[in-house]
Amino acid sequence: MKMLRFRSPSIRSLDQEILCTIRLLDDSELSCSIQKDTKGQFLLDHVCNHYNLLEKDYFGIRYVDPEKQRHWLEPNKPVVRQMKSHQPYMMCFRVKFYPHEPMKIKEELTRYLLYLQLKRDIYHGRLLCPFVEAAYLGACIVQAELGDYDAEEHPCDYIRDFKLFPKQSLKLERKIMEIHKNELRGQSAALAELNMLQRAHSLETYGVDPHPCKDFTGATAFLGFTATGFVVFQGNKRIHLLKWMDVSKLKFEGKTFYVIGIQKEVSTKLVLTFHTSTPAACKHLWKCGVENQAFYKCAKSSQIKTVSSSNIFFKGSRFRYSQGGVDLLFSPVQSPARLLRELHADPDIQAQLEAERARDRAYERTRLAARSQMSGVLTNSLRLLSSNERVNACMLSVVRFVSVVVGVLLVTVPALLLLLESDINWSFLHEIRQTPEFEQFHYEYYCPLRRWILCRISMAMENLWSD
């Protein structure tokens, strides 16, 4: 297997190489060696170049952490920072966004990769379908793999060699053989794959990557995101479909996931609440929802409104998608610590710093020599005067700092309370509240802090009344 080494552009060059293995949709594997600062986009580009794939935006790379939680590899972050497992890294190349109309895909290669993904979805039970539909999909797969039925080449139980469904009954195999023999004769592999895509696209679970959770009654449910909108399944039955245009907010707090939308029939606000097994699963669910909504809802990138975020309050990256030639724009916020490290790595800056340190050392030696030559009262007086000047300068600096902090708090605290607590729905406030960064700050930091403060106030009041 050919190994490819990537070295991402950075100021520092790291010699240590890390082995990555990416499992493709046909279960073959592609290996490459990366550096510690190689970003996820390099791996995605590596796989797409391996395929000569042009329509890249439907695909992503998925991995599983040691706690068995699945994640999508983020293109704008270093791979090493995202992976929590031990080396060598194992990942999977998968369809991340299922095309809304697969028949309109331009590239035959893209359709073939989608076909392989749907084969996996059928086998792993993600693409649920009734008996008749299952038989037709299975027959399309057999036709694409074997071609026309030939009594001399195919024994009576030839379907058993195909592991198509998680529960493959004898009755289903017979129905698949019947359709393969009679209905699909003469179809090429490409046409059989196309017919399979067309039939799979009509199913309710097409494109659904189910997230297990509990609803507000404690019943088990599976959440998913499709090109149409947000869906909820209980068993094999879809109980909710909220179209993207009717979804106003997706948010999470701890292990609780909220979907806020509008019921057009009665024009009322709708809030759906679900509980996941872990906070990490809830965050992954929320992130998948936000990315799918951005991908499918916006017809072009100009419809996506971005809000600059500060590294003080928000973490993560800003992103936008546009359909058609789906344009991914990731704008990571560079940390102040990294900027300082890069600045101090400059030789000119290092020379200036060394010169300043030399001047400081010379000044200190001169000051100590002068101090040792002074006698008695004069020395003590000068020391006292110098000490008073330093104290005064220090106090002035403290007063200035406190004034600046108070001024900033007087401006930012009311603004944050206006965003977090008020129901004012001005357009610019509404846009800020809908950003993923604000949602994450609100539900990961602000809500726990508010609960803690209220709890302490309540305890203090109880103690006061008991006294």
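Scoring rules and cut-offs
Residues numbered from 1 in each chain as written. Predicted model: local features only at pLDDT ≥ 70, side-chain atom pairs only at ≥ 80, totals over all residues. Heavy atoms only, no water. UniProt positions renumbered as here; feature names shortened; annotations may be inferred. Phe/Tyr/Trp six-rings, centres within 6.5 Å; stacked < 30°, edge-to-face > 60°. Helix = DSSP H or I, 4+ residues; strand = E, 2+ residues; numbered from the N terminus. Buried < 20%, exposed > 50% of the residue type's maximum accessible area, 1.4 Å probe, protein only. Lys NZ or Arg CZ within 6 Å of the ring centre and 35° of its normal. Pairing = 2+ DSSP bridges. Axes fitted to C-alpha atoms, helices over the stretch in contact; angles between N-to-C directions. Contact = heavy atoms within 4.5 Å. Expected span 1.5 Å × (residues − 1).

Going by what an unreviewed UniProt entry lists, the chain is known as FERM domain-containing protein 3 and is assigned to Oryzias sinensis. Its UniProt record gives the chain a comment under Subcellular location (unreviewed entry), which states: "Membrane".

A. Geometry of the packing of aromatic side chains. Evaluation of the coordinates by the stated rule reveals 13 aromatic pairs. An angle of 15 degrees between the planes, with centres 5.2 Å apart, marks the rings of Phe59 and Phe93 as stacked. In this pair, Phe59 is assigned in strand 4 (residues 59–64) and Phe93 in strand 6 (residues 89–95), connecting sequence segments 34 residues apart. Neither Phe59 nor Phe93 differs from the other in exposure class; each is buried. Each ring, one from Tyr98 and one from Tyr206, has its centre 5.6 Å from the other, and the planes form 80 degrees; the classification is edge-to-face. One end of the pair, Tyr98, is in the loop between strand 6 and helix 3 (108–123); the other, Tyr206, is in the loop between helix 6 (189–201) and strand 7 (211–215), and 108 residues separate them in sequence. The exposure class assigned to Tyr98 is buried, which follows from its relative accessible area of 8%. Lying across the ring of Tyr149, Lys181 places its NZ or CZ 4.7 Å from the centre. One cation-aromatic arrangement involves Arg199 over Tyr136; the distance from NZ or CZ to the ring centre is 3.8 Å.

B. Looking closely at the sheet that holds strand 9 (residues 229–234). Strand order in the open sheet formed by 7 strands is 10-9-8-7-13-12-11, and the pairing between neighbours is antiparallel. Two strands in the sheet have a free side with no partner beyond their single neighbour: strand 10 (237–243) and strand 11 (247–253). Pairwise comparison of adjacent strand axes, ignoring direction, gives a mean angle of 30 degrees for this sheet. Relative to strand 12 (residues 256–263), strand 11 is paired through 6 bridges, and the arrangement is antiparallel. Directly across from Phe252, in strand 12, lies its bridge partner Phe257. Along the sheet, helix 7 (residues 279–297) contacts strand 7, strand 8 (220–225), strand 11 and strand 12; its crossing angle with strand 11, the most-contacted strand, is approximately 160 degrees.

C. Fine view of helix 3. The terminal C-alpha atoms of helix 3, which comprises 16 residues, lie 23 Å apart, in line with the 22 Å expected from a rise of 1.5 Å per residue. Turning to helix 3, its buried residues number three or more, namely Thr110, Leu113, Leu114, Tyr115, Leu116, Gln117, Leu118, Arg120, Asp121 and Ile122. Contacts from the buried residues of helix 3 go to helix 1 (40–51), strand 4, strand 6, helix 4 (131–146) and helix 6. Directly beyond the C-terminal end of helix 3, a positive phi value near 80 degrees is found at Gly125.

D. Expanded view of the pairing of strand 6. Summarising burial for strand 6: 6 of the 7 residues are buried, a large majority. Here 4 bridges tie strand 2 (residues 18–23) to strand 6, and the two strands are oriented parallel to one another. The residue of strand 6 that forms the bridge with Thr21 is Met90. Pairing between strand 4 and strand 6: 4 bridges, direction antiparallel. For Phe59, the partnering residue across the bridge sits in strand 6 and is Val95.

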